[in-house]
Amino acid sequence: MTVEARQLGKRFGDVWGVRDATLELRRGTVGVLAGPNGAGKTTTTRILATYYRPDRGEARVCGYDVVREHRRVRSLIAYLPQGYNVSLDLTPEELIVSSLMVRGLSLFDARREARRWLEELGAWELRGRRMWLLSGGERRRVLVASVLAEPAEVYLLDEPTTGVDVEGRYEVLKVIRRAASGGATVLVTTHNLSEAQVAADVVTFISSGVTVRSGSPQQLLESLPWRYKAVVNG
């Protein structure tokens, strides 16, 4: 498995942000960690990204323990947090080129990858505008492009479609699927179950910090006790 988590727990004072999170992802697949706000999706992702140290359980990325071998894990991942703050005076192209050069790419290669991923996300026409001039949805697409442009084995994307309009949201999801088809492993968090159905090879549901169920979208649909459900509020 490329990404493994077993009974992860993380406590903040007297409150468990995650109590029992378990998931598995194979290479070249898209996994969706789905659940309502406050379910523990972000905490689980931050543990996998080595930002948080778990209070119990264990997790591995590409076979490396996220606690004991955190430096190795960080060299293999690219992480998009929910609140990703960047200099708003940069242009999208400058943002991606500079981050890729920090990763060790040449200026030529960084510019090539910046163009590739901005085009993939439909944001190439924004390349020369300052980030502060972009809408929230445009800025988010640029940030997704910036993370996917990084040479990584595993991409951890926390709510990557936040603020993106409906049409742009599904374009982002399609690009994420193309990234996985190239051999990368992608973990996406969302509270939108329609996104999980579109993007995922494997969906893991989490609620109140506990993994509830995991499987392919089709398996999970077939496990429901009904095919259609109508809710009427009288």
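Thresholds, definitions, all that
Residues numbered from 1 in each chain as written. Predicted model: local features only at pLDDT ≥ 70, side-chain atom pairs only at ≥ 80, totals over all residues. Heavy atoms only, no water. Helix = DSSP H or I, 4+ residues; strand = E, 2+ residues; numbered from the N terminus. Rg over C-alpha atoms; globule rule 2.2 N^0.38 Å. Buried < 20%, exposed > 50% of the residue type's maximum accessible area, 1.4 Å probe, protein only. Areas by Shrake-Rupley, 256 points an atom, 1.4 Å probe, with all protein chains shown as cover. Lys, Arg positive; Asp, Glu negative; His and termini not counted. Charge placed at Lys NZ, Arg CZ, Asp CG, Glu CD. Pairing = 2+ DSSP bridges. Phe/Tyr/Trp six-rings, centres within 6.5 Å; stacked < 30°, edge-to-face > 60°. Lys NZ or Arg CZ within 6 Å of the ring centre and 35° of its normal. Salt bridge = Lys/Arg side-chain N within 4 Å of Asp/Glu carboxyl O. Polar contact = N/O pair within 3.5 Å; in protein donor to acceptor, adjacent residues only side chain to side chain. Contact = heavy atoms within 4.5 Å.

Asks: I tried to follow the overall build of the protein on my own but got confused; where do I start?
Replies: A count of helices and strands for the protein gives eight helices and 10 strands. Taken against the 2.2 N^0.38 rule, which gives 17 Å for 234 residues, the C-alpha radius of gyration of the protein at 18 Å falls within 12% of a compact globule. Residue burial in the protein is summarised as follows: out of 234 residues, 47% are buried. As presented, the protein carries roughly 12,000 Å² of accessible surface, and 48% of it is formed by carbon and sulfur atoms. Taken as two groups, the 33 positive and 27 negative side-chain charges of the protein have centres that lie 3 Å from each other.

Asks: Where do I start with helix α1 (residues 41-48) in this structure?
Replies: Think of an α-helix as 3.6 residues a turn; residues three or four steps apart then line up on the same face. Burial of α1 is extensive: seven of the eight residues sit out of reach of the surface. Here α1 has its buried residues at Lys-41, Thr-42, Thr-43, Thr-44, Thr-45, Ile-47 and Leu-48. The first or second residue beyond α1 is Thr-50, which carries a positive phi of 70°.

Asks: Sorry, what's going on with the pairing of strand β6 (residues 77-80) here?
Replies: Each regular strand carries side chains that alternate between the two faces of the sheet. Side chains Ile-77 and Tyr-79 project from β6 onto one buried face, and the interleaved Ala-78 and Leu-80 project onto a second face that is buried too. Pairing of β6 with strand β7 (residues 154-158), which is carried by four bridges, proceeds in the parallel orientation. Pairing of Leu-80 across the sheet is with Leu-157, part of β7.

Asks: Would you take a moment to explain the packing of aromatic side chains for this structure?
Replies: How two aromatic rings sit relative to each other is given by the distance of their centres and the angle of their planes. A full pass over the atoms with the stated rule returns two aromatic pairs. Arranged with centres 5.4 Å apart and planes meeting at 70°, the rings of Phe-12 and Tyr-52 form a pair that is edge-to-face. Linking Phe-12 in strand β1 (residues 3-12) with Tyr-52 in the loop between α1 and β4 (56-61), this pair joins segments that are 40 residues apart in sequence. A relative accessible area of 23% means that Tyr-52 is categorised as partly exposed. Each ring, one from Tyr-51 and one from Tyr-79, has its centre 5.1 Å from the other, and the planes form 65°; the classification is edge-to-face. Of this pair, Tyr-51 sits in the loop between α1 and β4 while Tyr-79 is found in strand β6, placing the two residues 28 residues apart along the sequence. Just above the ring of Phe-12 sits the side chain of Lys-10; from NZ or CZ to the centre is 5.8 Å.

Asks: Honestly, the pattern of salt bridges in this entry has me stumped. Any pointers?
Replies: Any two side chains of opposite charge can pair if their charged atoms end up close together. If you walk through the whole model with that rule in mind, you get 14 salt bridges. The partner of Glu-153 in a salt bridge is Arg-27, with the nearest N and O atoms 2.8 Å apart. Note that Glu-153 is positioned in the loop between α5 (136-148) and β7 and Arg-27 in the loop between β2 (15-25) and β3 (30-34), a separation of 126 residues in sequence. The exposure class of Glu-153 is partly exposed, given its relative accessible area of 33%. A relative accessible area of 55% means that Arg-27 is categorised as exposed. Linking Arg-169 and Glu-195 is a salt bridge whose minimum nitrogen-to-oxygen distance equals 3.4 Å. In this pair, Arg-169 is assigned in helix α6 (residues 166-181) and Glu-195 in helix α7 (residues 193-199), connecting sequence segments 26 residues apart. For the pair Arg-169 and Glu-195, one class covers both residues: buried. Among the charged side chains, a salt-bridge network with shared partners connects Asp-109, Arg-112, Glu-113 and Arg-116.

Asks: Can you help me understand the pairing of β1 in this one?
Replies: Across seven bridges, β1 lies against β2 in antiparallel orientation. When the bridges of β2 are listed, Arg-11 appears paired with Trp-16. Hairpin connection from β1 to β2: two residues lie between these consecutive antiparallel strands, with Gly-13 at a positive phi of about 70°.

Asks: What's the story with the side chain of Glu-138 in this structure? I'm lost.
Replies: Residue position: Glu-138 is located in helix α5. Here Ser-135 takes part through its backbone nitrogen, which lies 2.9 Å from a polar atom of the side chain of Glu-138. Other than its neighbours up to four places away in sequence, Glu-138 contacts Leu-126 and Arg-129.

Asks: Before we go on, may I ask you to explain the environment of Asp-55 in this structure?
Replies: Considering the arrangement of structural elements, one finds Asp-55 in the loop between α1 and β4. A relative accessible area of 45% places Asp-55 in the partly exposed class. Residues Asp-55 and Arg-111, spaced 56 residues apart in sequence, show a C-alpha to C-alpha distance of 41 Å. The residues contacting Asp-55, other than those within four sequence positions of it, are Gly-9, Lys-10, Arg-11 and Trp-16. Side-chain polar atoms of Asp-55 contact the backbone nitrogen of Arg-11, separated by 2.6 Å.

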